[in-house]
Amino acid sequence: MNASDGTSPNRTRARALWLTLALAALFAALLAVACGDDDGDDGDDGAAAEPAATATATEAPATEAPAAGGPTVDRLRANADAFEYEAGTRGGALMLTTIVGPLTFNLALATDAGTGAVLGNVFEGLTEQSWLTDEAEPALAESWESSGDGLVWTFRLRRGVQWHDGAPFTAQDVAFTFNDIIYNDELTVPARAAFTFRFPDETGAWQTAPMAVEVIDDHTVRFTLPVPFAPFLRALGTPIYPRHLLEEPVRAGTFADMWGLDADPSAIVGTGPFTLDEHQPGERIALARNPDYWLKDAEGDALPYLDAIVYVIVGDLEAQLAAFRAGESDAVSIPGKDFVEFYPLQQEENFTIHRRGPTFGTTFLSFNLRPGVSPETGEPYVAPEKRAWFERKEFRQAVSHAIDRDAIIEEVFHGLGYAQWASISPSAGVFHNPGVRQYPYSVEEANRILDGLGWTDGDGDGIREDADGNPIRFTVVSNEETSVRTQIVALLQESLRAIGVRMDADLKPFGDLVRQLDTTYDWEAVVVGLTGGSDPHDGIGTWHSSGVFHVWHSKQESPATEWEAEIDRLYVEGSQELDREKRVALYHEAQAIAAEQTPLVYTALPERLTAVRNVFGNTTPTLYGVFDVRYLYRLDE
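Let me sum up the structure you'll find in this document. (Residues numbered from 1 in each chain as written. Predicted model: local features only at pLDDT ≥ 70, side-chain atom pairs only at ≥ 80, totals over all residues. Heavy atoms only, no water.)

### A short note on the packing of helix α18 (residues 562–576) against helix α19 (residues 580–597)
(1) Moving on: Relative to each other, α18 and α19 sit at 155°, their axes nearing to 9 Å. In this view, α18 runs roughly antiparallel relative to α19, as classed from their interaxial angle. When the axes of α18 and α19 are compared, the crossing they make is left-handed. Here α18 contributes Trp563, Glu566, Ile567, Arg569, Leu570, Tyr571, Glu573, Gly574 and Ser575 to the contact with α19, which in turn contributes Arg583, Leu586, Tyr587, Glu589, Ala590, Ile593, Ala594 and Gln597.
(2) Moving on: Its residues assigned to classes, the contact of α18 with α19 shows nine nonpolar, three polar and five charged. (Axes fitted to C-alpha atoms, helices over the stretch in contact; angles between N-to-C directions. Helix = DSSP H or I, 4+ residues; strand = E, 2+ residues; numbered from the N terminus. Parallel < 35°, antiparallel > 145°, perpendicular 65-115°, else oblique. Left-handed = near helix turned anticlockwise from the far one by under 90°. Contact = heavy atoms within 4.5 Å. Nonpolar A, V, L, I, M, F, W, Y, C, P; charged D, E, K, R; others polar.)

Dropping the structure here:
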């Protein structure tokens, strides 16, 4: 899971994907709901001139094969396969807007994607994710090797890499980052979740343990894991921090006060391609080219090509769109509702809209299956008769059949969306299981299922009653800040009314919703969304029964059902299986179980739409990004 403002394409490097793992245990992943991910864009920056690859106003993704992502996904993969870097020219800036700027400059403690988006250009990890293939590639580590059992990894670091203040980067910085910051129990470090390993002991009880990180020499570091971990190379995209500057504050207990938003930008020292140059709170943040960056292009010229990246902080999505129209920014995410307006402006205003496939995130309806009573009120979390309905798989399946996903795609996403059946997005490639059980829209089938349960409308008021005469009526909670969620709630109410089920709506501020979901548990049903990722392990916080995002019954000490226990097993084994084909099979099986049991009743995935100026080289739209900012150059300089 990942925290995202869901409104602006601010992730200028694929390396910012470290947040996907680093924030996996934080309920802040639901921030995408609060901020209204109307267009479903994952936040990747983009700039390209490729009209042949763009959509037209009549090319609605709903006409493609929703289960597999259709030709859009195929085209994006083809773009990545065909792409080759060209030698660029120095100069110019990338201008961007953002609604949510950084909340801190102390990236190790950050829990928001706004901070990661900016500082992902200042700090680096040992690895990074390719914006073309999503595979882990060398970054601060130039190579690595692992033992046959996947427990011992040895990384050889690049020589000659400097921190922004000129100090040499060494293996001591790597060991310090993990041993003194990430594994420091006195600090709240989101990245710790990605490096706390889970495994059953001899009794079957779950245990957790860290890994050992040791320095072999100045340019070699060794990691010893308690169990194999398939996404380990992805996880090592987590940023490395300078020991020579931060060791003393960590030991003195003042690290949490370091690098706040009031810090001198020049004091924020990383190894990345850009340095923090200017910060005007609430107005703008400017990054400057690192002249000593280690990466060179094929001609041997120093990267990056750009002199600067500038983020202008604006009030809302409408302000972002207006700034783009005015030529004040180079890229912006386009909500589906604005596609028809923006499409005919492309030639006149010199930009291209790129369709980038289904989002990795999700929007779903879920029912509260938590047993027991609230310690605060002494009352059941959910009324017993309602929990009895919700626990019936058949009820959840009937609800899924009653949902008109085509209407959601048309009315909410303006034709730019995909019906969702599997828990993993088609954009995740082979990990997506296109063969899971589907629930095509059928009021007749939903009614047949409910009739089979003996729930009928005995008094003729339009609402079914259960065998004890209780009307099938419940309340759904959702947040009021985003039009996507409120529109989906309204459509769901209409769909369920057609099968004799009454769903009342309780829309509230996002903070109140989070407290209900994660603290008081006093809710009946919820329409909410979670950001996702390209690796299935990104979703373990949702699908493992102990997970904080296991929405319908979170943080279980042991799985409440056999099917949840089986998904637990599949996700843990999937994280430890090093054979890719076998790993894919495990996650396919987990998706099939989830689709059969329907604890999350999915709705639709919006299309990611990115509008970019036709003034950049070394770009192409892919499933994972539009460029590597280090190679990006302006054609108009």
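Now that the structure has been shown, the text picks up again.
### Describing the layout of surface pockets
(1) Moving on: Considering only enclosed or pocket space, the largest pocket measures out at about 650 Å³ in volume.
(2) Moving on: Lining the largest pocket are 29 residues, with Asp134, Glu135, Phe431, Asp535 and Arg580 sitting closest to its centre.
(3) Moving on: Where the lining of the largest pocket is concerned, the elements lending two or more residues are α3 (70–82), α6 (232–235) and α19.
(4) Moving on: Here the lining of the largest pocket takes four residues from α3, the largest share from any one element.
(5) Moving on: Across the lining of the largest pocket, the residue classes tally to 16 nonpolar, four polar and nine charged. (1 Å grid on protein atoms, 1.4 Å probe; cavity = no way out; pocket = protein on both sides within 12 Å on 5 of 7 lines; lining within 4 Å. Points joined across faces, edges and corners; volume = space filled by probe spheres on them.)

### Topic: the environment of Asp297
(1) Moving on: Mapped onto the fold, Asp297 is located in the loop between β11 (284–289) and β12 (308–313).
(2) Moving on: Classification of Asp297 by relative accessible area gives buried; the value is 8%.
(3) Moving on: Sequence separation between Asp297 and Gly88 is 209 residues, and the spatial gap between their C-alpha atoms is 8.8 Å.
(4) Moving on: Ignoring sequence-local partners within four residues, the contact set of Asp297 consists of Leu303, Tyr305 and Tyr631.
(5) Moving on: Polar contacts involving the side chain of Asp297 include one to the main-chain amide nitrogen of Asp301, which spans 2.8 Å. (Buried < 20%, exposed > 50% of the residue type's maximum accessible area, 1.4 Å probe, protein only. Polar contact = N/O pair within 3.5 Å; in protein donor to acceptor, adjacent residues only side chain to side chain.)

### Details of the nonpolar core
(1) Moving on: One finds Leu126 and Phe223 to be the most contacted residues of the largest nonpolar core, which totals 77 residues.
(2) Moving on: In terms of residue count, the dominant contributor to this core is helix α5 (residues 171–182) (seven residues).
(3) Moving on: When sequence neighbours within four positions are dropped, the list of residues in contact with Phe223 reads Leu126, Leu151, Val152, Trp153, Phe155, Val174, Phe178, Met211, Ala212, Val213, Phe232 and Leu236.
(4) Moving on: Core analysis: the second largest hydrophobic core is formed by 73 residues, Ala446, Ile488, Val548 and Ala594 among them. (Core = buried A, V, L, I, M, F, W, Y, C linked by side-chain atoms within 4.5 Å.)

### Things to note about the packing of aromatic side chains
(1) Moving on: All told, the structure shown has 35 aromatic pairs when counted by the stated rule.
(2) Moving on: Look at Trp144 and Phe155: their rings are 5.6 Å apart centre to centre, the planes differ by 40°, and that puts the pair in the tilted class. Residue Trp144 is located in strand β4 (residues 141–146), and its partner Phe155 is located in strand β5 (residues 152–157); the two are separated by eleven residues in the primary sequence.
(3) Moving on: We classify Trp144 as partly exposed; its relative accessible area is 24%.
(4) Moving on: Between Phe178 and Phe195, the ring centres sit 5.1 Å apart and the planes meet at 90°, which makes this aromatic pair edge-to-face. Here Phe178 is found in helix α5, whereas its partner Phe195 is found in the loop between α5 and β6 (197–200), with 17 residues between them in sequence. Assigned by exposure class, Phe178 and Phe195 land together as buried.
(5) Moving on: The structure contains a cluster of three or more aromatic residues connected by ring pairs, namely Trp144, Trp153, Phe155, Phe178, Phe195, Phe223 and Phe232. (Phe/Tyr/Trp six-rings, centres within 6.5 Å; stacked < 30°, edge-to-face > 60°.)

### Observations concerning the sheet that holds strand β8 (residues 212–217)
(1) Moving on: Ordered by their spatial adjacency, four strands build an open sheet running β4-β5-β9-β8, and the pairing between neighbours is antiparallel. Because the sheet does not close on itself, it has two edges, and the strands there are β4 and β8. Adjacent strand axes in the sheet meet at a mean angle of 20°, parallel and antiparallel pairs treated alike.
(2) Moving on: As paired strands, β5 and strand β9 (residues 220–224) are joined by five bridges and run antiparallel to one another. Of the residues in β9, the one forming a bridge with Val152 is Thr224.
(3) Moving on: Each of β5, β8 and β9 is contacted by α5, which is oriented at about 170° to β8, the strand it contacts most. (Pairing = 2+ DSSP bridges.)

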